[in-house]
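Observations on the model geometry
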Protein chains: 4
Amino acid sequence: MEKYIFEQKFKVRDYECDIQGVLNNAVYQNYLEHTRHEFLASKNISFADLHLKGIDPMVARISIDYKTPLRPGDCCICRLYVQKEGIKYVFFQDIYRLGDEKIAIKARVDAVVVVNGKLGFCDELDELVNDTKIVK
Amino acid sequence: MEKYIFEQKFKVRDYECDIQGVLNNAVYQNYLEHTRHEFLASKNISFADLHLKGIDPMVARISIDYKTPLRPGDCCICRLYVQKEGIKYVFFQDIYRLGDEKIAIKARVDAVVVVNGKLGFCDELDELVNDTKIVK
Amino acid sequence: MEKYIFEQKFKVRDYECDIQGVLNNAVYQNYLEHTRHEFLASKNISFADLHLKGIDPMVARISIDYKTPLRPGDCCICRLYVQKEGIKYVFFQDIYRLGDEKIAIKARVDAVVVVNGKLGFCDELDELVNDTKIVK
Amino acid sequence: MEKYIFEQKFKVRDYECDIQGVLNNAVYQNYLEHTRHEFLASKNISFADLHLKGIDPMVARISIDYKTPLRPGDCCICRLYVQKEGIKYVFFQDIYRLGDEKIAIKARVDAVVVVNGKLGFCDELDELVNDTKIVK
């Protein structure tokens, strides 16, 4: 049983699909990023503002299992939870197709924080990890 | 020592960079895909034509280690080699920054072939795996 | 007074913004396309299905006036109406920033229909033009 | 006879093509932007550096005539020349398919310069307009 704490809906747009007629693989990564940033925004943390303060969360590693291709017009929902492992923030993010709840992708994203060019910490992010309100 | 058999150059374009001033993480996946397709093209295999014949190579899993962010104006080269593991074609693809040969990302892409909607085989791809001319 | 008959909301995503910190100019065209396709979908016309039937609406000309740059986190709404001029379907599409209703872009998109490779007609689209329910 | 002063080659990438099997309309705008930035770079002007100095060239208006759709694997070349009209820098940019030199798009891009948030001037850009070496 997954312990998701945030979710973000998407509708697949035709321009995001490629000549195979399915959502291009790279676009899922866009969805994952937008979901993380909306998660931060839901906690009043602006990714753009962090950058202006010299704080840059960076993806250090990503792995994605592609299960079911999404197609033009499909709606989907990206759900996430996050854990801290050493200096890393590990986001577990899964995308489900709306309607039949079929899993589209399962992803794990390891992020680190770069502060003024060096690996560092971010108190705002640390507080997020302790937030355990499960949405589903 | 890596046994690369194909390489493809890229110049980072400004529109591919995001508000952090670096190449957006998802764009690396575009580079990886284009390199694989150019590799196929170098063997006279057209990804678009395969699709028209009902043969669709699909990414089943991808993992990327992000090492050094690329920036506007950077040039880079994506090198690859490929191995067959069961029904999977496993592409090892690394992107290096030109100039200092610093590693930007290391990626592993597991692909399968879907023929008319079912997992299948593709003779043209099988021949590629046996090609071992090492470019670097 | 504009006679809009359809509108589609968007939230600017960070990955759509470029190193100037604003929504990249090309992304507005993505928004315009998605709005037209959602307009068709609202009339039970699937752009993907049209293509499978050999009917391809194509943009012949586009002009966009950029008025106010959108930024990370901005929400906006794209409103449209459409007129027929000879064989062309002319979409007038304007994007407004939500909150202050400031105009972001004004666009005109001239589309034609290609049927099996030749300029042609599309009854479904002709019916749309006669639909004059104004939403704002 | 066009008086082009710069040109930039592109190879259409599969991920840039959409479900119609052609280069997505918005991607041409990416090509146009990259060509302008490479033109600046050829004169030792970095778009990214200009931004850091508070100088932001912005597109005020764009119009594109779509003539021939480009397809996966096509190569093309974007040629440009530029004129000054009042405070505007007007770029005329045309993309030709390589091989048969068929025109793909004809575009006109009106740019202005924003300096620290206000319409302004940019000496480096003014010098470009006086450069009239015709490449084709």
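Before reading further, recall that the structure is shown in the block above.
These numbers come from a predicted model, not from an experiment.

In this section: the relation of the copies chain B and chain A. Taken as rigid bodies, chain B and chain A are interconverted by a rotation of 180 degrees and an axial shift of 0.0 Å, the fit giving an RMSD of 0.0 Å. Taken together, the rotation and translation describe the operation of a two-fold axis. Of every C-alpha in chain B, the one belonging to S63 of chain B sits nearest the axis of rotation, 2.0 Å from it. Residue by residue, 100% of the interface of chain B is reproduced at the interface of chain A, so both copies engage with the same surface.

With 69 residues, the main nonpolar core has Y28, C76 and I95 of chain A together with Y28 and I95 of chain B as its most contacted residues. Aside from chain neighbours lying at most four places away, what touches Y28 of chain B is L23, I64, I95 and I105 of chain B. Ranked by size, the runner-up nonpolar core spans 68 residues in total, among them L70, C78 and A104 of chain C together with L80 of chain D.

Moving on, we get to the interface of chain B and chain A. Listed by partner, the interface residues are 18 residues for chain B and 18 residues for chain A. Elements that contribute at least two residues to the side of chain B that touches chain A include exactly α1 (25–42), α2 (47–52) and β2 (55–66) of chain B. The leading source of residues in the side of chain B that touches chain A is β2 of chain B, at nine residues. Tallied by class, the residues present in the side of chain B that touches chain A amount to eight nonpolar, six polar and four charged. Pairing geometry for strand β2 (residues 55–66) of chain A and β2 of chain B, over five bridges, is antiparallel. Opposite D65 of chain A, over in β2 of chain B, you have R61 of chain B as the bridge partner.

This brings us to unusual backbone geometry. With phi around 50 degrees, N116 of chain C is a residue other than glycine that occupies positive phi space. By the element assignment, N116 of chain C lies in the loop between β5 (103–115) and β6 (118–120). With 9 C-beta atoms packed within 10 Å, N116 of chain C lands in the exposed category. At E101 of chain D, a position not held by glycine, the phi torsion is positive, near 55 degrees.

At the junction of the two partners, chain D supplies 18 residues and chain C supplies 18 residues. Tallying contributions element by element places strand β2 (residues 55–66) of chain D first for the side of chain D that touches chain C, with nine residues. When the residues that make up the side of chain D that touches chain C are grouped by side-chain class, the tally is eight nonpolar, six polar and four charged.

Before going further, it helps to examine the relation of the copies chain D and chain C. Relative to chain C, chain D is turned by 180 degrees and slid 0.0 Å along the rotation axis, the superposed coordinates differing by an RMSD of 0.0 Å. Here 100% of the interface residues in chain D have copies in chain C that are interface residues too; the copies meet face to matching face.

All names here are of chain C. The terminal C-alpha atoms of helix α1 (residues 25–42) lie 27 Å apart, and with 18 residues this matches the ideal 26 Å at 1.5 Å per residue to within 8%. Judged by how many residues are buried, α1 sits mostly within the fold: 14 of 18 residues are covered. Positive backbone phi, approximately 65 degrees, marks N44, located one or two places after α1.

It is at 8 Å that the axes of helix α1 (residues 25–42) of chain A and α1 of chain B come closest, and there the two elements cross at 175 degrees. Judged by the inter-axis angle, α1 of chain A sits roughly antiparallel to α1 of chain B. Taking contact as the criterion, the partners of N25, A26, Q29, N30 and E33 of chain A in α1 of chain A are, on α1 of chain B, N25, A26, Q29, N30 and E33 of chain B. Looking at the contact of α1 of chain A with α1 of chain B, its residues break down into two nonpolar, six polar and two charged.

Procedures and definitions
- Residues numbered from 1 in each chain as written.
- Chains lettered and ligands numbered in written order.
- Predicted model: local features only at pLDDT ≥ 70, side-chain atom pairs only at ≥ 80, totals over all residues.
- Least-squares fit on C-alpha atoms with pLDDT ≥ 70 in both.
- Contact = placed C-beta atoms within 7 Å.
- Core = buried A, V, L, I, M, F, W, Y, C linked by C-beta atoms within 7 Å.
- Buried ≥ 20, exposed ≤ 12 C-beta atoms within 10 Å, placed from the backbone.
- Helix = DSSP H or I, 4+ residues; strand = E, 2+ residues; numbered from the N terminus.
- Nonpolar A, V, L, I, M, F, W, Y, C, P; charged D, E, K, R; others polar.
- Pairing = 2+ DSSP bridges.
- Expected span 1.5 Å × (residues − 1).
- Axes fitted to C-alpha atoms, helices over the stretch in contact; angles between N-to-C directions.
- Parallel < 35°, antiparallel > 145°, perpendicular 65-115°, else oblique.

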